[in-house]
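Given next are the chains, with one letter for each unit.
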Amino acid sequence: MRRLRACLGAAAAVTLAAAGTTALVASNASGATSALGNRWYAAAPYLMPLDNDPPAAAAIMDASGLKAFQLAFILAPNGGGCSPTWGGTAPVSGDTAVQNVISTIRAKGGDVSVSIGGYGGTKLGQACADAASTAAAYQQVITKYGLHAIDFDLEEPEYENTAAVRNEIGAAKILQQNNPGLYVSVTTAGTADGTGWFGKQMLLEAKSQGFTPNNFSIMPFDGGFNGAASQTSALTNFNAILRSTFGWDEATAYAHEGFSGMNGRSDTGEYFSQADFQTVLDYATSHNMDRFTFWSLNRDRQCSPADNGGRTSGTCSSVAQNSWDFAKYSVKFAGATPPSTTPTPTPTPTPTPTPNSCKTAWSSSSVYTAGNEVSYNKHNWKAKWWTQNEVPGASDWGPWQDEGAC
């Protein structure tokens with residue numbers, strides 16, 4: 001998977017009405033004085049502000065009309081402890097880099113949500129002792145950045161840990177209670193049946209704790225999906241799971257349901273085009289779903305020939321596109337009209353790169369630190385941070401940066 005990940009109403013009509021409402025109002029060091037409508041937080045695509053060649057948020061806003069960003073990811077420190085960091089390495093307490101990104105977005109009339117968890121790394125639900133301490137760690141993030149929205153991205157390996165999921169759901173409930181108006185989404189893995197066993201256990205945990213977020217979103221990719229039809233089928237099946245778990249009717253379940261896609265080529269080689277996104281968008285809006293987002297804005301641009309568009313990249317989509325094509329579907333979901341663009345360019349043939357010499361082979365038992373280089377699967381890789389026994393290329397948001405074929 002990627003990275004990778006209070007009810008709007010009891011009926012579909014309430015969901016649409018809530019699109020124009022505002023959430024928590026706060027004043028803070030990052031410059032936020034008011035929130036956007038909830039529909040914008042529901043439409044916010046994921047952006048890694050510190051990794052994967054971060055694009056300029058202001059440029060995306062100007063070109064696409066986007067107003068909200070889902071910043072990723074908050075993790076426990078790589079060295080251990082129950083305090084929030086960006087990606088396991090940059091403590092939130094001392095952060096200025098992400099705060100500057102947020103300030104730029106807010107100065108242009110936008111806002112951010114922050115996503116916690118994702119694929120890989122140690123989650124705070126795993127590291128903290130209980131729900132209260134987990135919530136206290138996340139409250140530091142909300143307070144520092146004056147957040148009006150937060151996303152709990154619960155996936156492998158954390159969602160296989162019963163205690164960790166209990167801490168995360170418990171923390172989400174505490175944050176919802178202590179921050180009136182906070183928009184809360186919960187994102188988990190998608191399967192053809194809607195979501196798998198661990199996703200269903202997470203829903204049961206939420207039910208047992210009496211916790212209802214704005215939405216539960218699934219990620220229908222990396223699981224044998226093939227275009228939009230397979231994704232909308234999974235969303236239909238997930239709706240049935242929500243109905244049976246919580247006793248909701250169909251409209252209420254859709255009002256608590258979300259979609260989180262992956263633009264272009266997925267981790268497992270599935271392809272999702274602009275046309276697929278339009279189809280799922282039509283499904284989401286016609287069923288009055290609460291959320292439509294994707295992973296990620298870092299990938300919402302065409303690969304250059306040197307990037308080798310035939311593989312999954314963390315910095316481009318591997319499909320023919322204009323920059324920020326996929327962001328415009330989020331803009332539409334929010335109820336706004338994106339600027340018009342020139343036609344999608346014809347793909348440029350990718351030349352066969354000249355291989356570089358291979359570095360020393362990667363070893364699962366060795367410890368690597370930032371800057372160390374290895375070879376694996378006929379590619380050279382550079383470590384972004386401390387790592388051990390994490391396979392190069394297992395995920396684009398992991399500790400290894402692909403340096404090309406060797």
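Reading guide: rules and limits
- Residues numbered from 1 in each chain as written.
- Predicted model: local features only at pLDDT ≥ 70, side-chain atom pairs only at ≥ 80, totals over all residues.
- Heavy atoms only, no water.
- Pairing = 2+ DSSP bridges.
- Helix = DSSP H or I, 4+ residues; strand = E, 2+ residues; numbered from the N terminus.
- Axes fitted to C-alpha atoms, helices over the stretch in contact; angles between N-to-C directions.
- pLDDT = per-residue confidence, 0-100.
- Contact = heavy atoms within 4.5 Å.
- Buried < 20%, exposed > 50% of the residue type's maximum accessible area, 1.4 Å probe, protein only.
- Lys, Arg positive; Asp, Glu negative; His and termini not counted.
- Salt bridge = Lys/Arg side-chain N within 4 Å of Asp/Glu carboxyl O.
- Polar contact = N/O pair within 3.5 Å; in protein donor to acceptor, adjacent residues only side chain to side chain.

### Notes on the sheet that holds strand E17 (residues 400-405)
Stage number 1. Strand order in the open sheet formed by 3 strands is E14-E15-E17, with antiparallel pairing between adjacent strands. Where the open sheet ends on each side, the last strands, each with one partner, are strand E14 (373-376) and E17. Averaged over all pairs of adjacent strands, the angle between their axes in this sheet comes to 30°, without regard to strand direction.
Stage number 2. Note: strand E15 (residues 379-383) against E17, 4 bridges, orientation antiparallel. When the bridges of E17 are listed, His 379 appears paired with Ala 405.

### Side note on the pairing of E14
Stage number 1. Sheet analysis places E14 next to E15, joined by 4 bridges and oriented antiparallel. Across the sheet, Ser 375 pairs through a bridge with Asn 380, a residue of E15.

### Describing the confidence of the model for the protein chain
Stage number 1. Averaged over all residues, the pLDDT of the protein chain is 88; the fraction at 70 or higher stands at 87%.
Stage number 2. A low-confidence stretch, residues 1-30 (pLDDT under 50), is modelled with 123 contacts involving residues beyond four sequence positions or located in other chains.
Stage number 3. This model gives residues 343-354 a pLDDT under 50, and the stretch forms 18 contacts once residues within four places in sequence are excluded.

### A word on the side chain of Arg 39
Stage number 1. Mapped onto the elements of the fold, Arg 39 is located in helix H2 (residues 38-43).
Stage number 2. Summary of buried charges: Arg 39 has no salt-bridge partner, and the nearest side chain of opposite charge, Asp 290, is 5.3 Å away.
Stage number 3. Within polar-contact distance, the side chain of Arg 39 engages the backbone oxygen of Met 289 at 3.3 Å.
Stage number 4. Within polar-contact distance, the side chain of Arg 39 engages the backbone oxygen of Phe 333 at 3.0 Å.

### Describing unusual backbone geometry
Stage number 1. Geometrically, the link from Ala 72 to Phe 73 is a cis peptide bond, its omega value of -5° lying close to zero.
Stage number 2. Note that Phe 73 resides in strand E2 (residues 68-75).
Stage number 3. With an omega of -10°, the peptide bond running from Glu 156 to Pro 157 counts as cis.
Stage number 4. Mapped onto the elements of the fold, Pro 157 is located in the loop between strand E6 (149-153) and helix H7 (162-178).
Stage number 5. The residue Asn 52 is not glycine, and still its phi comes out positive at about 55°.
Stage number 6. Within the secondary structure layout, Asn 52 lies in the loop between strand E1 (46-47) and helix H3 (57-64).
Stage number 7. For Asn 52, a relative accessible area of 12% gives the class buried.

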